[in-house]
Amino acid sequence: SVNKASLFKLLDDQNNACALTSRALTPDNATLDHIVPVSAGGSHSVDNLQWVTREANHAKGTMTQQEFIRLCMDVSKTHAPMWVLAARLGKVCRRP
């Protein structure tokens, strides 16, 4: 069952880091997320909960964890070459 102790244990198990981004969690940015949204048949059990940043939770919306990760991978594949090129150009085109 979900109770205060189980939620603190979950936070400790995640090393106080967002389950989606690995960013540090603070009282100001931490929120609980359903791995499988309730709207998609997910439960309110601790096994279906994870601590995430508010920003990551907002981006995930009503997607399942798998759907969200797949979307992030697609975005990364599409845009990663641009980031690599920009980083390389930044190194080459630095002002003296």
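See the structure shown above.
Residues numbered from 1 in each chain as written. Predicted model: local features only at pLDDT ≥ 70, side-chain atom pairs only at ≥ 80, totals over all residues. Heavy atoms only, no water.

**As for the pattern of salt bridges**
One pass over the full model with this rule turns up 3 salt bridges. Put simply, Lys-9 and Asp-13 hold a salt bridge, and the shortest N to O gap is 2.9 Å. Within this pair, Lys-9 and its partner Asp-13 are both found in helix H1 (residues 4–13), separated by 4 residues, close to a single helical turn. Judged by its relative accessible area of 49%, Asp-13 falls in the partly exposed class. One salt bridge in this structure joins Asp-33 and Lys-60, with 3.1 Å as the shortest N-O distance. Taken as a pair, Asp-33 in strand S1 (residues 30–34) and Lys-60 in helix H2 (residues 54–60) lie far apart in primary sequence, 27 residues in all. Here Asp-33 and Lys-60 have matching classes, each one buried. (Salt bridge = Lys/Arg side-chain N within 4 Å of Asp/Glu carboxyl O. Helix = DSSP H or I, 4+ residues; strand = E, 2+ residues; numbered from the N terminus. Buried < 20%, exposed > 50% of the residue type's maximum accessible area, 1.4 Å probe, protein only.)

**Some thoughts on the environment of Gln-50**
Among the structural elements, Gln-50 can be located in strand S2 (residues 49–53). When the C-alpha positions of Gln-50 and Gln-14 are compared, they lie 8.4 Å apart, and in sequence the two are 36 residues distant. Within the structure, the side chain of Gln-50 is placed 2.8 Å from the side chain of Asp-33, a separation counted as a polar contact. A polar contact of 2.5 Å, which involves the side chain of Gln-50, links it to the side chain of Gln-65. (Polar contact = N/O pair within 3.5 Å; in protein donor to acceptor, adjacent residues only side chain to side chain.)

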